[in-house]
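An overview of the molecular structure
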Amino acid sequence: MTRVLVYVGVLIAIMAATEARPKSAEPKCKSGPVDLVFIIDGSRSVRPHEFETMRKFMIDIIHELDIGLESTRVGVVQYSSQVQNVFSLKAFSKPEQMVKAINEIIPLAQGTMTGLAIRYAMNVAFSAEEGARRNVPHVAVIVTDGRPQDRVAEVAAAARESGVEIYAIGVARADMTSLRAMASPPFEDHVFLVERFDLIHQFGLQFQDKLCVKDLCLESDHGCEQICESSPGSFHCLCLPGYTLHEDGKTCTPIDLCAEGKHDCEQICIASPGSFTCDCNTGYTLNDDKRTCTMIDYCSFGNDSCQHKCVSVLNGFNCRCDEGYSLNDDLKTCRMIDYCSFGNDSCEHECVSVLQSFYCRCREGYTLNEDETTCTMIDYCSFGNDSCEHECVSVLNGFHCQCNDGYSLNGDKKTCTMIDYCSFGNDSCAHECVSVLKGFHCLCNDGYSLNDDKKTCTMIDYCSFGNDSCAHECVSVLKGFHCICNDGYSLNDDKKTCTMIDYCSFGNDSCAHECVSVLKGFHCICNDGYSLNDDKKTCTMIDYCSFGNHSCDHHCVGVLNGFYCRCNEGYTLQEDGKTCQSDNFCNTVEHGCEHKCVSTPGSYHCICPEGHVLQDDGKTCGTCRSSNIDLVLLIDGSKSVRPQNFELVKQFVNQVVDQLDVSPKGTRVGLVQYSSRVRTEFPLSMYQTKEDIKKAVMNVEYMEKGTMTGLALKHMVENSFTEADGARPAGKNIPRIGLVFTDGRSQDDIQEWAKKAKEAGITMYAVGVGKAVEDELREIASDPVQKHFFYSADFSAISQIAENLKLNICPAESQGEVEVKNPCACESLVEFQQVTMSTLDQLTQKLSAMTKRLEVLENQLLTRK
């Protein structure tokens, strides 16, 4: 941090020095590499000549720097309401390139979003992609003349935490609290505040002495015994390799690495100044690594005479036998160990010694168990070759076969036969005896069942099972059954179901309409709408009009199964199917049409002359259908408006509302206030009367902050004209009107969202007062701009603007002229089809109502019969 502070101080001191002294021919002072980024205020409060002073400030510092990709890299960032990367740390390696780019900077002339600029420098300008280096100081110099319009404390703290050292230079109106919130500590070295831009070079005077420092090792009596090393404004002593510096900071003492344990010798360490060598004890030799030791291998000399193995020991060797052998008394030869002789083998039958161990062995007819110690007699039955039908019994060195209970062994001594108890002649079965294991049981012939005594038999009654499926009667026979029918019925081909005899099929019924068979006979019936005559065979159609209850206004006409009503000429039958109404409805009612009444079946409607539009009352005519819009007003609540003028703005809004016909189906009004943020005061769906809207407007509280008009337009497009906020669906062709009221320049971009508002079908009005920028108002206003753009120099005249402002527009006005649709166009054909289908649906519903009425009358007649 000290190194960075000195370096930046050097940079700033350069400017003071260059202003106070004439240029010298002396070479530039060398200093360590650093990444330097200027963050300059390009807001509209910085005047052109002040911006030129700031431009010269950066150029003069660059001329005094050791510029290069391996030394000092410089980047420049300009900010206002947005951030502009003038050039990055990796862009240029020569001062003249940087000076050219600085001279081409155009001030942004907008707001003062300092926090946004610091965040950009931290995340982008000081990134590796933009040329920032690791392990090189990162320094930011911020020059500003005003209070930030966003938060700087948190983002500046994050930048400092990431390793950026920040110098804050404030001019004129700059806020000291904000400068201290941005700068790195200590503030007396990093915060500077001057009265005007031409004084910004003065703060560098305190760093003049740090630009070029003396080499005190050469120009003073340093007193170092061995080595003197210079540093800016100071020096310190060092020692040669192998020596250490005393507490006096000047004299040196040889380092004994052996005594300090700072060696890696395995056995013996021999010290020298700052170094050491290693040696080994007697009987050992030093290895090639000059650190470790290895014992001398006497076996390698080839004179040991060992039968198996030679093992070297310190200053000699001895012989060793392989595993499973023991060394003889001559200490050279070996013999195999007899493990069975130890008496701990635990073998059940016999122990056999082998190399390094022993194993157990069983006598003939036995096999060794899994414990490898005990023995079990061999089970010859387990080999699977005994051929016993039932059971195999093992014996020593063999086996024999055995039968299960109820069986006897055959002569082959292997197979078995079940004992036949029926052959004993004592079964007493009526039909048949069947032998079973260890006994017998009786069995009956087919078609019989065994009785409870388990010996005698009875013929089976198949009808009693309930699964005969006979429609009428079941008759049992041996091994089955058959079906028979009741009197008057015949058995069908399925031999189960029965059908009543059809006497009509004999062809001698003489019925005029229909013959109906009944049990053992028939009778005649008539079709619907007819009655049977006295001869009980012929039929006559029923005359429903003769009943006298048809209630027809004019005429009753009898038809099959009912009647219908008919009206005299010039009248139309109504939906109730009874009453008649004159075809010219306009002549029979007080229609109230202002221009002309047109009769329709059972009703009428009013029409207007060409060039006029029928109003919402359905009777009067006007030049357009007024009071039928969705209106959202965006009012400026920034601090420049001031409280007393904000009250005039609210009166302006209410004066506009007074001109509107507010109702749920007419005009809807929403209100949005904006400053540095946006707030919906009430949406389109909230109020439905002028009185409620005007009362709500007067209760709106003044926000008193910045002027983010672009943000307000974005809020209007994305939220205010949604169906959720009360805007009516676009398909209903309700005009959408947006009115923006402002008194100054926007602190953000308005072009994007002004364009999107008009592309969304919103007709935009722009009303400006005082310092409002005409170009911005024209950007917001819809075409033709002269019709949608209003301006007044002061707030006292805005009431006249409200009088001149006409928001009750017709659809034809919003389009400029009335659109004449092509009747052959697709949308016209679809519209005609939809109208035709709707009319057909209405006629179908009327016909359905008449049919239902006829059905009611028919049911009433049948009930009376």
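Let me sum up the structure you'll find in this document.

**Some details on the overall build of the protein**
A tally of regular secondary structure across the protein gives 17 helices and 52 strands. Of all 865 residues assigned to the protein, the portion counted as buried reaches 37%. Within the protein, counting contacts between residues at least 6 apart in sequence, those at least 24 apart form 51% of the total. When the accessible surface of the protein is split by element, carbon and sulfur atoms take 50% of a total near 49,400 Å².

**Some remarks on the packing of aromatic side chains**
Summed over the entire model, instances satisfying the criterion amount to 10 aromatic pairs. Taking the centre distance of 5.6 Å and the plane angle of 75° together, the rings of Y421 and F424 count as edge-to-face. Classification of F424 by relative accessible area gives exposed; the value is 52%. Ring geometry for Y503 versus F506: centroids 5.5 Å apart, planes at 80°, classification edge-to-face. One Lys or Arg, K756, reaches over the ring of W753 and ends 4.2 Å from the middle of that ring.

**Details of a negative patch on the surface**
On the surface, E348, E370, D371 and E372 cluster together into a patch of negative charge. Along the chain, E348 turns up in the loop between β18 (334-336) and β19 (350-354).

**Considerations on helix α3 (residues 95-103)**
Buried residues of α3: P95, M98, V99, A101 and I102, and no others. Considered in projection along α3, the buried side chains sweep an arc of 165° and stay on one side of the axis. For α3, the exposed residues set more than 90 degrees away from the buried face come down to E96 and K100.

**Some points on unusual backbone geometry**
Residue P185 is joined to P186 through a cis peptide bond whose omega torsion reads -5°. Here P186 is to be found in the loop between α6 (176-182) and α7 (187-190). At the junction of D783 and P784, the peptide bond is cis and its omega measures out at -10° in the coordinates. Along the polypeptide, P784 turns up in the loop between α13 (774-780) and α14 (785-788).

**Regarding the state of the cysteines**
Scanning the entire structure with this criterion turns up 27 disulfides. The disulfide bridge from C258 ends at C269, spanning 1.7 Å between sulfur atoms. The sign of the S-S torsion, about -65°, decides the handedness of the disulfide formed by C258 and C269: left-handed. Of this pair, C258 sits in the loop between β10 (252-254) and β11 (268-272) while C269 sits in strand β11, placing them 11 residues apart in sequence. Judged by its relative accessible area of 17%, C258 is buried. Its relative accessible area of 23% is what places C269 among the partly exposed residues.

**Some thoughts on the packing of helix α4 (residues 114-125) against helix α5 (residues 153-161)**
The interhelical angle for the contact between α4 and α5, taken along N-to-C directions, is 20°, at an axis separation of 9 Å. In terms of orientation, α4 lies roughly parallel with respect to α5. Of the two elements, α4 crosses α5, and the hand of that crossing is left-handed. Across the interface between the two elements, G115, I118, R119 and M122 from α4 touch V155, A156, A158 and A159 from α5. Class assignment of the residues belonging to the contact of α4 with α5 gives a composition of six nonpolar, one polar and one charged.

**Some points on the nonpolar core**
Grouped together as the largest cluster of nonpolar side chains are 30 residues, with contacts concentrated most on L631, F652 and F741. Within the residue set of this core, elements represented by two or more residues are β47 (630-636), α9 (643-658), β48 (668-674), α10 (690-698), β50 (736-742) and β51 (762-769).

**Quick look at the sheet that holds strand β49 (residues 678-682)**
Two orientations exist for strands paired in a sheet by backbone hydrogen bonds: parallel and antiparallel. Pairing is mixed in the open sheet, where six strands are placed in the order β49-β48-β47-β50-β51-β52. This sheet does not close on itself; its edge strands, each paired only once, are β49 and β52 (789-792). Within the sheet, the average angular offset between the axes of one strand and its neighbour, ignoring direction, is 20°. Here four bridges tie β51 to β52, and the two strands are oriented parallel to one another. Bridge assignment links V769 to a residue of β52, and that residue is S792.

**A closer look at the packing of helix α11 (residues 709-720) against helix α12 (residues 751-759)**
One way to put it is that α11 packs onto α12 with a least axis distance of 8 Å and a crossing angle of 25°. As judged from the angle between their axes, α11 and α12 are roughly parallel. For the pair α11 and α12, the crossing hand works out as left-handed. The segment α11 lies against α12, with G710, L713, K714, M716, V717 and E718 engaging W753, A754 and A757. Among the residues making up the contact of α11 with α12, the classes are represented as six nonpolar, one polar and two charged.

**Points about the pattern of salt bridges**
Per the stated rule, a full pass over the model turns up 18 salt bridges. In this structure, K262 and E260 form a salt bridge, with 3.3 Å as the shortest nitrogen-oxygen distance. By relative accessible area, which is 53% here, K262 ends up exposed. Assessed through its relative accessible area of 44%, E260 is described here as partly exposed. A salt bridge links E647 to K650; its shortest N-O distance comes to 3.2 Å. On the criterion of helical spacing, the pair formed by E647 and K650 is a turn pair, its members being three residues apart in helix α9. What makes K650 buried here is its relative accessible area of 3%.

**A few points about the sheet that holds strand β6 (residues 191-194)**
With mixed pairing, the six strands of this open sheet are ordered in space as β3-β2-β1-β4-β5-β6. One side of each edge strand has no neighbouring strand; the edge strands of this open sheet are β3 (83-87) and β6. Averaged over all adjacent pairs, the angle separating strand axes in this sheet is 20°, with direction ignored. In the packing of helix α2 (residues 48-63) onto the sheet, the strands contacted are β1 (34-41), β2 (72-79), β4 (138-144) and β5 (164-171), and the crossing angle to β1 comes to about 170°.

**Thoughts on the environment of Y79**
Summarising the element assignment, Y79 is placed in strand β2. Residues Y79 and P107 lie 28 residues apart in sequence; the distance between their C-alpha atoms is 8.8 Å. Of the polar contacts made by the side chain of Y79, one reaches the side chain of T144; its length is 3.4 Å.

**Some words on the pairing of β47**
Regular strands place their side chains on alternate faces of the sheet. Within β47, seven of the seven residues are buried, which leaves the element mostly enclosed by the surrounding structure. Here β47 pairs with β48 via seven bridges, running parallel. Bridged to L631 within β48 is V669. In this structure, β47 lies alongside β50, joined through six bridges in parallel fashion. Within β50, the residue paired with L633 across the bridge is L739.

**Brief notes about a nonpolar patch on the surface**
On the surface, a nonpolar cluster with roughly 200 Å² of combined accessible area is contributed by I227, L238 and L240. Relative to the elements of secondary structure, L240 occurs in the loop between β8 (234-238) and β9 (243-245). A residue is classified by how much of its surface remains accessible, and L240, at 41% relative accessible area, is partly exposed.

**Some remarks on the side chain of R73**
Examined against the element boundaries, R73 turns out to sit in strand β2. Within the local environment of R73, its side chain forms a polar contact with the backbone oxygen of L69, the two atoms lying 3.0 Å apart. Setting aside its immediate chain neighbours within four residues, R73 contacts V34, D35, L36, G68, L89, G131 and R133.

Procedures and definitions
What you see as residue numbers is a count from 1 along each chain, following the sequence as written. Where local features are concerned, this predicted model is filtered to residues with pLDDT of at least 70; where side-chain atom pairs are given and counted, the filter is 80 or more; whole-chain, interface and lining totals use all residues. In computing side-chain properties, one takes all heavy atoms of the structure into account and sets aside hydrogens as well as water. Here a helix means four or more residues in a row that DSSP labels H or I, a strand means two or more in a row labelled E, and each is numbered from the N terminus. Relative accessibility under 20% of the residue-type maximum defines a buried residue, over 50% an exposed one, and the middle range a partly exposed one, all with a 1.4 Å probe and only protein chains included. Contact between two residues is taken to exist if any of their heavy atoms lie within 4.5 Å; hydrogens are not considered. Working definition of accessibility: Shrake-Rupley area with a 1.4 Å probe, residue cover restricted to the visible protein chains. Only Phe, Tyr and Trp rings are paired, with Trp represented by its six-membered ring, and only when their centres lie within 6.5 Å; those with planes under 30 degrees apart are stacked, over 60 edge-to-face, the remainder tilted. In our convention, an over-ring charge means Lys NZ or Arg CZ found within 6 Å of a ring centre and within 35 degrees of that ring's normal. Patch definition: residues above 30% relative accessible area lacking any salt bridge, with like charges linked at up to 9 Å and the nonpolar side chains Val, Leu, Ile, Met, Phe, Trp and Tyr linked at up to 5 Å. Salt bridges are identified by distance alone: a Lys or Arg side-chain nitrogen within 4 Å of an Asp or Glu carboxyl oxygen. Positive charge is attributed to Lys and Arg, negative charge to Asp and Glu, and no charge count is given to His or to the chain ends. By convention, charge coordinates are those of NZ in Lys, CZ in Arg, CG in Asp, or CD in Glu. What the arc describes is the spread of directions from the helix axis to the C-beta atoms. The disulfide criterion is simple: two cysteine sulfur atoms within 2.5 Å. Axes, fitted as lines to C-alpha atoms, cover a helix only where it is in contact. Angles between the N-to-C directions of the axes lie from 0 to 180 degrees. For this classification, under 35 degrees means roughly parallel, over 145 means roughly antiparallel, 65 to 115 means roughly perpendicular, and everything else is oblique. Crossings are assigned a handedness: left-handed for a near helix turned anticlockwise from the far helix by less than a right angle, right-handed for a clockwise turn. Under the grouping applied here, Gly and all other residues not named as nonpolar or charged are polar, the nonpolar ones being Ala, Val, Leu, Ile, Met, Phe, Trp, Tyr, Cys and Pro and the charged ones Asp, Glu, Lys and Arg. What we call a nonpolar core is a set of buried Ala, Val, Leu, Ile, Met, Phe, Trp, Tyr and Cys residues that are connected through their side-chain atoms within 4.5 Å. For two strands to be treated as a pair, DSSP must find no fewer than two bridges joining them. Under the rule applied, a polar contact is a pair of N or O atoms within 3.5 Å (in protein, one hydrogen donor and one hydrogen acceptor; residues adjacent in sequence only if both atoms are side-chain atoms).

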